[in-house]
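# Architecture at a glance
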Amino acid sequence: MDPDSFAEIIFNSIVEYAFNEFEITGKDYSALHAVALKSKLKYNEDSDETAKIKYGFYGEVILFSILMVLYKAKPVIARGYFYNPLENAETKGYDSYQLVENNGQTELWFGEVKFHKNHKQAIKSVLSNIEKALSDDYFERNVIAIHNHKNNLNISNTVVEKIINEWETNPIISIIEQAKKHNIRLIYPILLLYEEDSTGYDANIKKVPDHIQTDYSLKTLTLSIDYSIFFILLPIKDVIAVKKQVISWIESKKQPLS
């Protein structure tokens, strides 16, 4: 995919990433796009280009879109609720809060994304954090963060809502134990976007597992509920060009496609 096409996906998916579905219906899409850039994700028009290129929303929007379109993982709550304009900092927590009902089992697709020029830097960023991300404490703190926005959940009558209500009624109980009780499974998708070199697509994919196998040892993961990890690898011809194009469209006030 050429850089402009990739940039189009990011630019035109910001609204769906930032808002719940019920907030979008019947609203002016261009206005929502502008509001999202001011209040739902980190973007400062006064920052220099170097700072803007480092923002996290590019990758998070792609992760959201891939999980929605390819895996039918619906957002539990829009990521925009976790951004605080007063702090003007990157949103904390998992990079996606999505859900799949799979043959009677609820799967929470709480993922991670890294969008770097170098594949080794992307891998390092993920693996340096994975022991924390796949721990009982981190999972529980993310569920509590969702609880703080319980009136803004995107989908109702799910097991997630039930666990939140049970914990709210009796905050002494363990969220992890309630997740086990309700047969919750965590799916941890890791999306790596990185610069493609001239060796060809297959070689650009293969170099990621090769690097992990050669340079990293096994991690000790302590999350006690059932979980799965999988990688989504997307080598891109020009990482910086993609981000610069998104910035250009934002600042020229281009109309997004609804």
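Here, the structure is the one placed above.
Residues numbered from 1 in each chain as written. Predicted model: local features only at pLDDT ≥ 70, side-chain atom pairs only at ≥ 80, totals over all residues. Heavy atoms only, no water.

What follows deals with a nonpolar patch on the surface. Residues Met68, Val69, Leu70 and Tyr71 make up a contiguous nonpolar surface patch of roughly 380 Å² in combined accessible area. The residue Met68 is located in helix H5 (residues 57-71) in this model. Residue classification places Met68 among the partly exposed residues on the basis of a relative accessible area of 32%. (Patch = residues over 30% accessible without salt bridge, like charges linked within 9 Å, V, L, I, M, F, W, Y side chains within 5 Å. Areas by Shrake-Rupley, 256 points an atom, 1.4 Å probe, with all protein chains shown as cover. Salt bridge = Lys/Arg side-chain N within 4 Å of Asp/Glu carboxyl O. Helix = DSSP H or I, 4+ residues; strand = E, 2+ residues; numbered from the N terminus. Buried < 20%, exposed > 50% of the residue type's maximum accessible area, 1.4 Å probe, protein only.)

Under the definition given, this model contains 15 aromatic pairs. Judged by centre distance (6.3 Å) and plane angle (80°), the ring pair of Tyr94 and Tyr97 falls under edge-to-face. Neither Tyr94 nor Tyr97 differs from the other in exposure class; each is buried. Ring centres of Tyr94 and Phe110 lie 5.3 Å apart, and the angle between their planes is 40°; this geometry places the pair in the tilted category. Placement of the pair is Tyr94 in the loop between strand E1 (74-75) and strand E2 (98-102) and Phe110 in the loop between strand E3 (105-109) and strand E4 (112-115), with a sequence separation of 16 residues. Side by side, Tyr94 and Phe110 carry an identical accessibility label, which is buried. Three or more aromatic residues link up through ring pairs in this structure, and these residues are Phe82, Tyr94, Tyr97, Phe110, Tyr138, Phe139 and Tyr188. A cation over an aromatic ring shows up here: Lys243 above the ring of Phe115, its NZ or CZ 4.5 Å from the ring centre. The ring of Trp249 has Lys254 sitting right over it, with the charged end atom 3.6 Å from the ring centre. (Phe/Tyr/Trp six-rings, centres within 6.5 Å; stacked < 30°, edge-to-face > 60°. Lys NZ or Arg CZ within 6 Å of the ring centre and 35° of its normal.)

Right, let's talk about the environment of Ala145 for a bit. Of note, Ala145 is situated in helix H8 (residues 136-147). Spatially, the C-alpha atom of Ala145 lies 8.5 Å from that of Gly93, the residues being 52 residues apart in sequence.

Our focus in this paragraph is unusual backbone geometry. Of note in this structure, Asn183 is not a glycine but carries a positive phi near 60°. Exposure remark for Asn183: the relative accessible area of 43% places this residue in the partly exposed category. Non-glycine residue Lys253 carries a positive phi angle of around 60°.

Helix length check: helix H12 (residues 239-251), at 13 residues, gives a terminal C-alpha distance of 19 Å against a target of 18 Å (1.5 Å per residue), a fit within 8%. Among all positions of H12, only Val239, Val242, Lys243, Gln245, Val246, Ile247, Trp249 and Ile250 are buried. Backbone geometry just downstream of H12 places Lys253 in the positive-phi region, at approximately 60°. (Expected span 1.5 Å × (residues − 1).)

Here the focus is the pattern of salt bridges. Throughout the structure, instances matching the rule amount to 15 salt bridges. Notably, a salt bridge pairs Asp226 with Arg185, separated by 3.1 Å at the nearest N-O pair. Highlighted residues: Asp226 in strand E6 (residues 226-236) and Arg185 in strand E5 (residues 185-195), separated in sequence by 41 residues.

Let us now look at the environment of Tyr216. Tracing the backbone through its elements, the reader meets Tyr216 in the loop between helix H11 (201-215) and E6. For Tyr216, a relative accessible area of 25% corresponds to the partly exposed category. Sequence spacing of Tyr216 and Ile163 is 53 residues, and the spatial spacing of their C-alpha atoms is 36 Å. Setting aside its immediate chain neighbours within four residues, Tyr216 contacts Lys120, Ile123, Lys124, Leu127 and His211. (Contact = heavy atoms within 4.5 Å.)

Looking now at the nonpolar core. Where a protein is soluble and globular, its nonpolar side chains tend to be buried together. Residues Ile10, Tyr43, Phe57, Tyr58, Phe115, Leu191 and Leu193 are the most contacted members of the largest nonpolar core, which totals 42 residues. Listed by contribution, the elements that provide at least two residues to this core are helix H1 (3-18), helix H3 (29-39), H5, E4, E5, E6 and H12. Other than its neighbours up to four places away in sequence, Tyr58 contacts Ile10, Lys52, Ile53, Phe115, Lys243, Val246 and Ile247. Judged by nonpolar contacts, the second largest core, of 40 residues, contains Tyr81, Ile130, Ala179 and Leu233. (Core = buried A, V, L, I, M, F, W, Y, C linked by side-chain atoms within 4.5 Å.)

Now for the packing of H1 against H5. The geometry of H1 relative to H5 is characterised by a closest axis approach of 9 Å and an angle of 80° between their N-to-C directions. Taken together, H1 and H5 sit at an angle that is classed as roughly perpendicular. Contact residues: H1 offers Phe6, Ile9, Ile10, Ser13, Ile14, Glu16 and Tyr17, while H5 offers Phe57, Tyr58, Glu60, Val61, Ile62, Phe64 and Ser65. When the residues that make up the contact of H1 with H5 are grouped by side-chain class, the tally is ten nonpolar, two polar and two charged. (Axes fitted to C-alpha atoms, helices over the stretch in contact; angles between N-to-C directions. Parallel < 35°, antiparallel > 145°, perpendicular 65-115°, else oblique. Nonpolar A, V, L, I, M, F, W, Y, C, P; charged D, E, K, R; others polar.)

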